[in-house]
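Single-letter residue listing:
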Amino acid sequence: MKIKFTHTNIIAKDWEKLSWFYQEVFECVPVPPKRDLQGNWIDQLTGIRGAHIRGEHLCLPGYENSLPTLEIFSYDDWVDGGLPQINRTGLGHLAFEVDDLDKMLKKVLAAGGGQIGERIVADYPNQVVATFVYATDPEGNIVELQNWGTR
């Protein structure tokens, strides 16, 4: 049996605005075609009568091919899930390794994102040092920024 991870999905209130954020801040690249999905098969798949989904896939930075992607979709009729919490069960956050954590955090904030908690530096075995901060995208989804180095 062959298994291959393909994508992570975010349901957005405004898929175009959220897609722009990930393209602008994290240099994700759209993978055509944009999606405009509706019909009986979507209704059957989602269990939602009259579902209409629009959005696109974004190739994640650091990967040469079109996979894995971040799939950003909006439903015409969406349900507000409230703001994600760092300790809530279920999917917790997306993580990006960056070479300049402070610069990336500023970029996130300038593009309408936010910050959760404090920027911290943690010592790991073998003189490894990691710097972390939790941020949010404009819709409140949690994004971990991380940088790894040595002493």
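Our subject is the structure listed above.
Residues numbered from 1 in each chain as written. Predicted model: local features only at pLDDT ≥ 70, side-chain atom pairs only at ≥ 80, totals over all residues. Heavy atoms only, no water.

**A few points about the pairing of strand E5 (residues 94-97)**
Where burial is concerned, the two faces of E5 differ: the one with Leu94 and Phe96 is buried and the one with Ala95 and Glu97 is not. In this sheet, strand E8 (residues 142-150) lies alongside E5 in parallel orientation, the contact comprising four bridges. Bridged to Glu97 within E8 is Gln146. (Buried < 20%, exposed > 50% of the residue type's maximum accessible area, 1.4 Å probe, protein only. Helix = DSSP H or I, 4+ residues; strand = E, 2+ residues; numbered from the N terminus. Pairing = 2+ DSSP bridges.)

**Topic: the sheet that holds E8**
Working definition: the strands of a sheet are paired by backbone hydrogen bonds and lie parallel or antiparallel to each other. What the four strands build is an open sheet, ordered E5-E8-E7-E6; its pairing is mixed. Looking at the sheet topology across the chains shown, the edges are occupied by E5 and strand E6 (114-124). For this sheet, the mean inter-axis angle between neighbouring strands, taken without regard to orientation, is 20 degrees. In the sheet, E6 pairs with strand E7 (residues 128-136) via eight bridges, with the strands oriented antiparallel. If you follow Gly114 over to E7, its bridge partner there is Thr136. Along the sheet, helix H3 (residues 101-110) makes contact with E6, E7 and E8, crossing E7 at roughly 5 degrees. (Axes fitted to C-alpha atoms, helices over the stretch in contact; angles between N-to-C directions. Contact = heavy atoms within 4.5 Å.)

**Here we look at the packing of helix H1 (residues 15-26) against H3**
Interhelical geometry of H1 versus H3 gives an angle of 155 degrees and a closest axis separation of 10 Å. The angle between H1 and H3 falls in the class roughly antiparallel. Remark: the crossing between H1 and H3 carries right-handed chirality. Where H1 approaches H3, its residues Phe21, Glu24, Val25 and Phe26 are matched on the opposing element by Met104, Lys107 and Val108. (Parallel < 35°, antiparallel > 145°, perpendicular 65-115°, else oblique. Left-handed = near helix turned anticlockwise from the far one by under 90°.)

**Section: the side chain of Asn147**
Within the secondary structure layout, Asn147 lies in strand E8. Reaching out from Asn147, the side chain makes a polar contact with the backbone oxygen of Asp99 at a distance of 3.2 Å. Those residues in contact with Asn147 that lie beyond four places of it in its chain are Val98, Asp99, Asp100, Leu101, Val129, Ala130 and Thr131. (Polar contact = N/O pair within 3.5 Å; in protein donor to acceptor, adjacent residues only side chain to side chain.)

**Looking at the state of the cysteines**
Enumeration according to the criterion identifies zero disulfides in this entry. Cys28 takes part in no disulfide bond, and the closest cysteine sulfur, belonging to Cys59, lies 7.9 Å away. We classify Cys59 as buried; its relative accessible area is 10%. (Disulfide = S-S within 2.5 Å.)

**Here's the deal with the sheet that holds strand E2 (residues 29-38)**
In space, the four strands of this open sheet follow the order E1-E4-E3-E2, with mixed pairing throughout. Both outer strands of the open sheet, strand E1 (7-11) and E2, are each paired with one neighbouring strand and no more. Ignoring which end each strand starts from, the neighbouring axes of this sheet average 20 degrees apart. When E2 meets strand E3 (residues 52-59), the two strands line up antiparallel, connected through seven bridges. If you follow Gln38 over to E3, its bridge partner there is His52.

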